[in-house]
Amino acid sequence: MRETSERFEGLAEAYNLYRPGYPDAAFDTLVAACATPARIALDLGAGPGNSTTALRRALPDDWLVFAAEPGHDMRRVLSRRFATQTGVQVIDACAEAVPLPDASAGLIVACTAFHWFDRTRFFAEARRVLAPGGVLALVRNRREATPLIAVFDGYIAEHSVTIYDYARREKTKEPSVRDLAAQDGFHAARSRTYRWTQELECRGLIDLYLTRSTLAAVVRRVGLGQVMTDLAALYDRHARGPVVLNWETTAKWTQRRA
């Protein structure tokens, strides 16, 4: 994961401002599922802390959160965000190698980051770090497909040198519940989806898209000004006034066997 974190260099401030967070209810469910006295939570690929904020709110005061982020730019914003919170410790670590003792964590979450991990090494490390009864969770935000979103995604696919089948790429970002339950050392995987909405003007939608590493690569090729002009023209052509994004936040979790 450390190598792929370079994709996000220079995006941390925008990510912090424009990427949406996650519903508190999702983390409430995960905390309730923990069946261990371990009071350490680990947020892997924490970015600038959008997920860490919701996780910290859901946890009792006696828990300690380790926010692990390998990217220098993201970790800089993450450290600033939690500089005065004693219940959150920021660490320079990737999902495949965590500087925590065996069986020390009660909860591990990875939020919209799992697709960057080396899956075999990640699951092995989670198995090592989680205490029996601890919970491993993958949380991800998805936008509902709309004509405008399809147009914006099509723009990325058209100008990207690495993405040829955008829809297919999206489907490979996380395992199924059955795959999660089949991991060695885990059992009883479950899934729950939370729906919510966000209203955005043209600039807000463009700002949201500019946090994506796939569009950042396009910006490096054709320039920020050109990308913003192109996306604004697409918005004007396909939208009338503010747009409402329908989001789904899906949490999939499994439990460490005793």
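Before reading on, note that the structure itself is shown above.
Residues numbered from 1 in each chain as written. Predicted model: local features only at pLDDT ≥ 70, side-chain atom pairs only at ≥ 80, totals over all residues. Heavy atoms only, no water.

**What about the pairing of strand β7 (residues 243-256)?**
- Of all 14 residues in β7, 11 are buried, a share of seventy percent or more.
- Pairing analysis gives nine bridges linking strand β5 (residues 130-143) to β7, with the strands arranged antiparallel. Across the sheet, Val139 pairs through a bridge with Ala251, a residue of β7.
- Taken together, the 13 bridges between strand β6 (residues 186-200) and β7 define a ladder with antiparallel strand orientation. Among the inter-strand pairings, Leu200 is bridged to a residue of β7, identified as Val243. (Buried < 20%, exposed > 50% of the residue type's maximum accessible area, 1.4 Å probe, protein only. Helix = DSSP H or I, 4+ residues; strand = E, 2+ residues; numbered from the N terminus. Pairing = 2+ DSSP bridges.)

**A look at the packing of aromatic side chains**
- Applying the stated rule across the entire model yields eight aromatic pairs.
- For the ring pair Tyr22 and Phe27, a centre distance of 6.3 Å and an interplane angle of 85° mean the geometry is edge-to-face. Comparing Tyr22 with Phe27, the two get one shared label, buried.
- Look at Phe114 and Phe123: their rings are 5.9 Å apart centre to centre, the planes differ by 55°, and that puts the pair in the tilted class. Accessibility assignment for this pair places Phe114 and Phe123 in one class, buried.
- Through a chain of ring-to-ring contacts, the aromatic side chains of Phe114, Phe117, Phe122 and Phe123 assemble into a single cluster. (Phe/Tyr/Trp six-rings, centres within 6.5 Å; stacked < 30°, edge-to-face > 60°.)

**Notes on helix α6 (residues 147-159)**
- Here α6 spans 19 Å end to end across 13 residues, near enough to the 18 Å set by a 1.5 Å rise per residue.
- By the burial criterion, the buried members of α6 are Leu148, Ile149, Phe152, Asp153, Tyr155 and Ile156. Seen along its axis, α6 keeps its buried residues to an arc of 145°; they face one direction. Of the residues in α6, the exposed ones pointing more than 90 degrees away from the buried face are Pro147 and Glu158. (Expected span 1.5 Å × (residues − 1). Arc of directions from axis to C-beta.)

**A few points about the sheet that holds strand β2 (residues 64-68)**
- Spatial strand order, β3-β2-β1-β4-β5-β7-β6: seven strands in an open sheet with mixed pairing. Whereas interior strands pair on both sides, the edge strands pair on one side only; in this sheet they are β3 (88-91) and β6. Shown here is a sheet whose adjacent strand axes are inclined to one another by a mean of 20°, direction ignored. (Axes fitted to C-alpha atoms, helices over the stretch in contact; angles between N-to-C directions.)

**A closer look at the packing of α6 against helix α10 (residues 213-222)**
- Direction vectors running N to C along α6 and α10 enclose 55°, while the axes themselves pass 9 Å from each other. Looking at the two axes, α6 sits oblique to α10. The two elements α6 and α10 meet at a crossing, and its hand is left-handed. Residue-level inspection shows Tyr155, Ile156 and His159 of α6 in contact with α10, the latter providing Thr214, Leu215, Val218 and Arg221.
- Looking at the contact of α6 with α10 residue by residue, the class counts come to four nonpolar, two polar and one charged. (Parallel < 35°, antiparallel > 145°, perpendicular 65-115°, else oblique. Left-handed = near helix turned anticlockwise from the far one by under 90°. Contact = heavy atoms within 4.5 Å. Nonpolar A, V, L, I, M, F, W, Y, C, P; charged D, E, K, R; others polar.)

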